[in-house]
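Results of the structural survey
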Amino acid sequence: MADSVARLYDAVCASRKGDPATSRTARLLRSGRAKMAKKLAEEAVEVVIDAMADEPEAVIRESADLIYNLVVLWVAAGVEPEQVWAEMRRRERMFGIAEKLPKNLPESAVRRKVVPIDRRRLNKSRSSKAG
């Protein structure tokens, strides 16, 4: 899935230079973020309607449209898929794979970044204290 989204992202990025007369993506990118956000919201509503109507095939089609419009908005906002995947990995470490951030989480916890430990520095520090 991530590979498909990455390929879609690359294609949307390439469409920025495309002709809006022939490229729906180029036209959407030039329409502004408000229009892109509206299209994203419309697709989300269509997914919900089809899910409530118990129409799984329509949910699949509309979900693909939803992902497309989300990626277009990411490109316009300067967000890369890897940034989203990194946030998902961070949340998974904190709450588990199926959980989203709790609504009552303190602001400091939402913005906290996980910094990798430089084990060489840590070991050097430990060895100098032991000696």
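Quick look at the structure, then.

With that out of the way, let us pick up the nonpolar core. Most often, soluble globular proteins have nonpolar side chains that are buried together. Grouped together as the largest cluster of nonpolar side chains are 15 residues, with contacts concentrated most on Val 12 and Val 72. Only helix H1 (2-15), helix H2 (24-30), helix H3 (33-52) and helix H4 (56-77) provide two or more residues apiece to this core. When residues in this core are grouped by element, the largest group, six residues, is from H4. Sequence-distant contacts of Val 12, defined by excluding residues within four places in its chain, comprise Thr 25, Leu 29, Tyr 68, Val 71, Val 72 and Val 75.

Before going further, it helps to spend a moment on the pattern of salt bridges. The tally for this structure, following the rule as stated, stands at five salt bridges. One salt bridge connects Glu 82 with Arg 89, and the closest N-O pair in it is separated by 2.5 Å. Assessed through its relative accessible area of 43%, Glu 82 is described here as partly exposed. When the shortest N-O distance is used, the salt bridge between Glu 87 and Arg 91 registers 2.7 Å. On the criterion of helical spacing, the pair formed by Glu 87 and Arg 91 is a turn pair, its members being four residues apart in helix H5 (residues 81-95). Because the salt bridges share partners, they merge into one network encompassing Lys 38, Lys 39 and Glu 42.

In this fold, Glu 46 is placed in helix H3. Once the C-alpha coordinates of Glu 46 and Asp 65 are considered, the two residues, 19 residues apart in sequence, prove to be 9.6 Å apart.

What counts, and at which threshold
- Residues numbered from 1 in each chain as written.
- Predicted model: local features only at pLDDT ≥ 70, side-chain atom pairs only at ≥ 80, totals over all residues.
- Heavy atoms only, no water.
- Core = buried A, V, L, I, M, F, W, Y, C linked by side-chain atoms within 4.5 Å.
- Buried < 20%, exposed > 50% of the residue type's maximum accessible area, 1.4 Å probe, protein only.
- Helix = DSSP H or I, 4+ residues; strand = E, 2+ residues; numbered from the N terminus.
- Contact = heavy atoms within 4.5 Å.
- Salt bridge = Lys/Arg side-chain N within 4 Å of Asp/Glu carboxyl O.

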